[in-house]
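Observations on the model geometry
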Amino acid sequence: MDSGLITGAYSLRNLEDWQSLIAHNLANSSTVGFQKNTFQVNAKPVRAMENTNGVTQPQTLLPVGTAMRPQISGELKVTQNPYDLSIMGEGYFSLSGPEGQTLYTRDGEFHRNSEGVLVNKTGYPLLADGGPVELPPEEGPFTVARDGTVSQNGEAIGRISIYQFDNPELLQRGNGSFILDPGNAGGARLVENAEVIQGQLEMSTVSPMSEMVSMIQVSRAYEMTQKLIQENDDRLRKAIEAFSV
Amino acid sequence: MNLSLYTAASGMEAQQMQLNTISNNLANANTNGYKRAKIEFQDMLYQSQREAGARTAEGNSLPAGIELGNGTQVVSTARVFTQGSLSETGEKMDMAIDGDGFFEVQLPDGTSAFTRDGALKISSDGQITTSNGLPVLSNFQPFSDGVESVTILSSGDVTVRLGNGGEQTFRIQLTRFVNAGGLRSLGGNLYVETAGSGTPETGNPGENGFGRVLQGYLEKSNVNVVEEMVNMITAQRAYEINSKSIQASDQMLQNVAQLKR
């Protein structure tokens, strides 16, 4: 079979994945703490064609896409809401998940739940020094110092734990802006000199402009590949016509 | 392929909800005691086509996989209970709470609701009510006839001087919640308790973290109009680019349909 057809089909499939990824980025252009995905296409040699009668056949390369999440910081938006926190530089907040697992996120929109515990918007407690942050209402407003220390009424309650990963590529994405690190494959370690800012939110790292440019690229590549497949099809049809009796 | 269509649709839906929230905030920019709502998003479910760390045929492990997301979701429209600015009215029954706390209001069905709108009124029978005529509890005593002057201290102590030389004194109390953002809005500046807000706790104004009561002032809404306008621009643009990704996906599907002549 003509390998051009297969390469073409593979390429279309890859471009569709890319388009899905762009759509996901754009859909999350307003999601706080969202880190955009980037798509990289590599050529993967399927099999070196054999050298027949002294002629080396061209090797077939199939495009293989990979999604990546560069660790860049989003723009900071001043909200002046004391429950909004953002991390300066690299690192992630740690939350205690529903099944006891630790969830990591850069989404710094927090709330106080009915028990007075600082939780994220889905109700998972923020971890400081390994435990939740309790803020009793009678103690008045709370402040978060730049080193992440939460204090209320002049008394330090705990320091917000910020984690960084040695192998970020081995982390899993969970539903809801969370990063999971099953079996500590990502190598989570506490960041010693982390900086947390209160009253600011880190916005999504998605840049609509570069996503639009990528989208144009995808659309045009898709069109070209479609033409390529049609050409191949045409050639095959002509060959069948020419050699059929 | 269709994944990107639905992903973009989820983005448009989320932006539509953001616009609804912004519109409501702007519409209430001049509502006394109104607390702005804030919409919060999260990304949605990932489909892993190739897991990072998976073994390849050559014996290596993949450095990165393909994870395709399903778009965005609205998680909450929480109220932000920051202090609104105070404006002086000079009206004796206008009260603003500076700090934490709510007035308790009795609903027609006998249950309690809570408000920070302190534009109170005196009904014909001496009862203290909201602008809508709902009786205000918060330890308010009905006024006797012939009120000459009313003085309310920031500690909540009320002294009513009567025309016949008599005096009536009582202390009002405020109610607060651990998580005021978890209250359910009833409309009419009223909120009711939910499981998420915690149970109401009453206390004296100015003590134990409760706010002070200021007579002759009203608390304006905490809506920042400039911020809402900027949010509106971002919401509108985000809506637009999401529609572009639907168009692009559509175009790609059209190309697929043209593959076979």
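In the block above lies the structure referred to throughout.
The model shown is predicted, which means the values in this text are computed figures rather than measured ones.

Comments concerning the overall build of chain A
Scanning chain A from N- to C-terminus turns up two helices and 21 strands. Taking 18 Å as the expected radius of gyration for a compact globule of 245 residues, we find that chain A reaches 25 Å, considerably beyond that expectation. Its C-alpha atoms put chain A at 95 × 30 × 30 Å along the principal axes. Split into buried and exposed, the 245 residues of chain A put 50% on the buried side. Pairs at least 24 residues apart make up 63% of the contacts formed inside chain A by residues separated by at least 6 positions. On chain A, roughly 11,800 Å² of surface is accessible, and the fraction owed to carbon and sulfur atoms is 53%. The average position of the 18 basic charges and that of the 29 acidic charges among the side chains of chain A differ by 10 Å.

Considering the interface of chain A and chain B
Listed per partner, the contact involves 63 residues of chain A and 65 residues of chain B. Summing both sides of the interface, chain A and chain B together bury roughly 4,900 Å²; the carbon and sulfur share of this comes to 53%. The tally of links from chain A across to chain B stands at three salt bridges. The partner of Lys 38 of chain B in a salt bridge is Glu 109 of chain A, with the nearest N and O atoms 3.4 Å apart. The interface formed by chain A and chain B includes 17 residue pairs in polar contact (both at pLDDT 80 or more). Looking at the side of chain A that touches chain B, the element that brings in the most residues is helix α1 (residues 3-27) of chain A, giving 12 residues. Here the residues of the side of chain A that touches chain B sort into 20 nonpolar, 27 polar and 16 charged.

A few points about the packing of aromatic side chains
Residues and elements named next belong to chain A. Inspection of the entire model under this criterion finds 15 aromatic pairs over all chains. Considering the side-chain rings of Trp 18 and Phe 39, the 5.7 Å spacing of their centres and the 20° angle between planes classify their relative orientation as stacked. One end of the pair, Trp 18, is in helix α1; the other, Phe 39, is in strand β1 (residues 38-47), and 21 residues separate them in sequence. Accessibility expressed as a relative area gives 11% for Phe 39, which makes it buried.

Here's the deal with the sheet that holds strand β13 (residues 167-171) of chain B
Residues and elements named next belong to chain B. Taken in spatial order, the three strands line up as β11-β12-β13 in an open sheet, and their pairing is antiparallel. Looking along the sheet, the strands with just one partner apiece sit at the ends: β11 (147-152) and β13. This sheet shows a mean twist of 15° between the axes of neighbouring strands, independent of strand direction. When strand β12 (residues 157-162) meets β13, the two strands line up antiparallel, connected through five bridges. In the sheet register, Val 158 faces β13, and the bridge partner there is Phe 170.

Some thoughts on helix α2 (residues 208-243) of chain A
With 36 residues, α2 of chain A extends 52 Å between its outermost C-alpha atoms, agreeing within 8% with the 52 Å of an ideal straight helix rising 1.5 Å per residue. Along α2 of chain A, the positions that sit buried rather than exposed are Glu 211, Ser 214, Met 215, Val 218, Ser 219, Tyr 222, Thr 225, Gln 226, Ile 229, Gln 230, Asn 232 and Asp 234 of chain A.

Some thoughts on the sheet that holds strand β7 (residues 92-96) of chain A
Residues and elements named next belong to chain A. The antiparallel open sheet is built from six strands, whose spatial order is β17-β18-β8-β7-β16-β19. A strand with exactly one partner marks an edge of an open sheet, and here the two such strands are β17 (172-174) and β19 (188-190). Strand-to-strand twist of the sheet, defined as the mean angle between neighbouring strand axes without regard to direction, takes the value 45°. Pairing of strand β8 (residues 102-105) with strand β18 (residues 178-180) involves two bridges; the strand directions are antiparallel.

Digging into the pattern of salt bridges
Oppositely charged side chains can form a pair if their charged atoms are brought close together. On inspection of all chains with the given rule, the structure shows 21 salt bridges over all chains. Notably, a salt bridge pairs Lys 35 of chain B with Glu 219 of chain B, separated by 2.5 Å at the nearest N-O pair. Highlighted residues: Lys 35 of chain B in the loop between α1 (2-27) and β1 (37-43) and Glu 219 of chain B in strand β19 (residues 217-219), separated in sequence by 184 residues. Taking relative accessible area as the criterion, Lys 35 of chain B reaches 0% and is therefore assigned buried. In this structure, Arg 237 of chain B engages Glu 240 of chain B in a salt bridge whose closest nitrogen and oxygen atoms are separated by 2.6 Å. Of the two residues, Arg 237 of chain B and Glu 240 of chain B are both situated in helix α2 (residues 225-257); the distance of three residues between them amounts to about one turn of the helix. For Glu 240 of chain B, a relative accessible area of 36% gives the class partly exposed. A network of salt bridges, in which partner residues are shared, links Asp 84, Asp 107, Glu 109 and Lys 121 of chain A together with Lys 38 and Glu 40 of chain B.

With respect to the pairing of strand β16 (residues 162-165) of chain A
Residue and element names in this part refer to chain A. One ladder, built from two bridges, connects β7 with β16; its direction is antiparallel. Across the sheet, Tyr 92 pairs through a bridge with Tyr 163, a residue of β16. Across three bridges, the pairing between β16 and β19 is antiparallel. Bridge pairing links Gln 164 to Arg 189 in β19.

Remarks on the environment of Arg 161 of chain B
All names here are of chain B. The residue Arg 161 is located in strand β12 in this model. Each C-alpha atom, one on Arg 161 and one on Asn 32, is 28 Å from the other, the two residues being 129 residues apart in sequence. Among the polar contacts listed, one links the side chain of Arg 161 to the side chain of Glu 167, at a separation of 3.2 Å.

Procedures and definitions
The residue numbering used here restarts from 1 in each chain and proceeds along that chain's sequence as written. To read the labels, note that chains go from A and ligands from 1, taken in the order they are written. Predicted model: local features are reported for residues with pLDDT of at least 70 only, side-chain atom pairs are reported and counted for 80 or more only, and whole-chain, interface and lining totals are derived from all residues. Working from all heavy atoms in the structure, the side-chain values ignore hydrogens and water. Secondary structure elements are defined from DSSP: runs of H or I of at least 4 residues count as helices, runs of E of at least 2 residues count as strands, and each element is numbered from the N terminus. Note on method: radius of gyration uses C-alpha positions; expected globular size equals 2.2 Å times residues raised to 0.38. Using a 1.4 Å probe on the protein chains alone, a residue whose accessible area is under 20% of its type maximum counts as buried, one over 50% counts as exposed, and one in between counts as partly exposed. Residues count as neighbours in contact if any of their non-hydrogen atoms are within 4.5 Å of one another. Using a 1.4 Å probe, accessible areas were evaluated by the Shrake-Rupley method; residue-level cover was limited to the displayed protein chains. The positive count covers Lys and Arg only, the negative count covers Asp and Glu only, and His and the chain ends enter neither. For the purpose of locating charges, the reference atoms are NZ of Lys, CZ of Arg, CG of Asp and CD of Glu. Put simply, buried area is how much 1.4 Å-probe accessible surface two parts lose in total, over both of them, once they are put together. Salt bridges are identified by distance alone: a Lys or Arg side-chain nitrogen within 4 Å of an Asp or Glu carboxyl oxygen. Polar contact is the term for a pair of N or O atoms within 3.5 Å; when the atoms are in protein, one must be able to donate a hydrogen and the other to accept it, and sequence-neighboring residues count only if both atoms are side-chain atoms. Each residue is assigned to one class: nonpolar for Ala, Val, Leu, Ile, Met, Phe, Trp, Tyr, Cys and Pro, charged for Asp, Glu, Lys and Arg, and polar for all the others, Gly among them. Pairing of aromatic side chains here covers Phe, Tyr and the six-membered ring of Trp, requires ring centres within 6.5 Å, and sorts the geometry by plane angle: under 30 degrees stacked, over 60 edge-to-face, intermediate tilted. If DSSP finds at least two bridges between two strands, the strands pair. Angles shown run from 0 to 180 degrees and are taken between the N-to-C directions of axes, each axis being a line fitted to C-alpha atoms and, for helices, limited to the stretch in contact. In a helix, the anticipated span is given by 1.5 Å times the number of residues less one.

That's the geometry; what it means functionally is another story.
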